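A closer look at the structure
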Amino acid sequence: MRANTLKRAVVAFALALPGAAIATVVAAPAAHADGCYTWQRPLSQGRSGEDVRQLQIRVAGWAAYRDIVPVDGSYGPETTAAVKRFQSAYGLRVDGIAGPRTFAKIYSLQDDDCTPKHFSYSELDNGCGKGGWSGGPLSPSATREKALRTMWKLEALRRSLGDKPLHVNSGFRSIACNRQVGGASDSQHLYGNAADLTSGSSSLCQVARTARSRGFSGIFGPGYPGHANHVHVDSRRENNSDRSSNTTTWSAPNCGVGN
C-alpha cells in the first residue's frame, strides 16, 4: 500500500470501539487526521454544500444499476441510496446518513491526496507516459478532478469484485497521445473520465458486468472491436465538456452487456 498506514490503523481502531467511544474519537480535534478532507457535520437527505459534494465524489461508484450519483452538492435520493450501498459494502449500519462511522471508513480508504488507497494519480495519468494532466481539452486541474472521481468509482468496482487488484492500462491521454494510440477523436480518456482495465482474478466479463452498477455510463469489453483484452469504463453521461450526448453506452456482447 501507499502512505498513511498509521492513519488507517488509528481509524481502524476507532471503528472497533463501541458507538459512544467512536463518536468521541472521530469528533475530537485529532480526527483532522485526514490530510485531504475532514467532514465537520453529519450529512443526510436535504443537506447541501461543499461537504456534500466531497462525499458524492467518494460514493459515486455506489450508484444504482444504470444510474449515476450527481456530484452537485445536493444530498438527494441518489446520494442517500449510494451511501446505503457504501455502508452495506463495508459492514456499517445502513441508514443513508453519513455520520462518524461512515466518514471514518472513508478516511480509512483515503490517502492525503484524496485518492482511494488502491489507485493513484500517477496510475490514472498513464496514457503515453505521464503527461501531467496537460494537453487535453480541459485545464489540468479540471482533468485531475475528473480523474479523482474515476478513481473512487474504480475503488467501488474493486470492492465489488472481492477487493482483488484491478490494473489500469490506460487512463488520461493528452490530445497528442490519444492521436498516437488511435483513440476516438473525442475519447473520454482526454477528460480524465476513463480507464482501460484488466484483472488477474476476475474475468473481463465479470468486470464489465459489475461496472454496470458502479456508476459507469460507458462500458466497452469483449465482443466490441478492439476490446478483447481489456474493459473500458467511463463517465460520459456526466461529461458536459465533450461533443457527445450525455447518454449511457454499453457494449460487451460476449458478456451479455449492451444498451
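See above for the structure.
The notes below deal with the structure included here. (Residues numbered from 1 in each chain as written. Predicted model: local features only at pLDDT ≥ 70, side-chain atom pairs only at ≥ 80, totals over all residues. Heavy atoms only, no water.)

Attention now moves to the pairing of strand β2 (residues 194-199). When you tally the buried positions in β2, you get six out of six residues, the bulk of the element. Every second residue of β2 is oriented toward a common face, with Ala 194, Asp 196 and Thr 198 on one face and Ala 195, Leu 197 and Ser 199 on the other, all of them buried. Where strand β1 (residues 166-170) and β2 come together, four bridges link them in antiparallel fashion. When the bridges of β2 are listed, Val 168 appears paired with Leu 197. The sheet contact formed by β2 and strand β4 (residues 231-234) spans four bridges and is antiparallel. Among the inter-strand pairings, Ala 194 is bridged to a residue of β4, identified as Asp 234. (Buried < 20%, exposed > 50% of the residue type's maximum accessible area, 1.4 Å probe, protein only. Helix = DSSP H or I, 4+ residues; strand = E, 2+ residues; numbered from the N terminus. Pairing = 2+ DSSP bridges.)

Turning our eyes to something else, we now look at the side chain of Lys 153. With respect to the secondary-structure elements, Lys 153 resides in helix α7 (residues 140-160). Only 2.7 Å separates the side chain of Lys 153 from the backbone oxygen of Gly 215, close enough to count as a polar contact. Aside from chain neighbours lying at most four places away, what touches Lys 153 is Ala 60, Gly 61, Arg 214, Gly 215, Phe 216, Ser 235 and Glu 238. (Polar contact = N/O pair within 3.5 Å; in protein donor to acceptor, adjacent residues only side chain to side chain. Contact = heavy atoms within 4.5 Å.)

The geometry of helix α3 (residues 50-59) relative to α7 is characterised by a closest axis approach of 7 Å and an angle of 55 degrees between their N-to-C directions. The angle between α3 and α7 places the two elements in the oblique class. On α7, the residues touching Arg 53, Ile 57 and Arg 58 of α3 are Glu 145, Leu 148, Arg 149 and Trp 152. (Axes fitted to C-alpha atoms, helices over the stretch in contact; angles between N-to-C directions. Parallel < 35°, antiparallel > 145°, perpendicular 65-115°, else oblique.)

With that settled, consider the sheet that holds strand β5 (residues 249-252). Read from one edge of the open sheet, six strands run β1-β2-β4-β3-β5-β6, paired in mixed fashion. Taken across any chain shown, the strands that pair with only one partner, and hence form the sheet edges, are β1 and β6 (257-258). Pairing of strand β3 (residues 218-220) with β4 involves three bridges; the strand directions are antiparallel. Counted as the bridge partner of Phe 220 is His 232 from β4.

Note that side chains of opposite charge can pair when their charged atoms are close. Throughout the structure, instances matching the rule amount to eleven salt bridges. Asp 51 is paired through a salt bridge with Arg 41; the nearest N and O atoms lie 2.6 Å apart. In this pair, Asp 51 sits in helix α3 while Arg 41 sits in the loop between α2 (19-27) and α3, placing the two residues ten residues apart along the sequence. When salt bridges that share partners are traced, they join Glu 50, Arg 53 and Glu 145 into one network. (Salt bridge = Lys/Arg side-chain N within 4 Å of Asp/Glu carboxyl O.)

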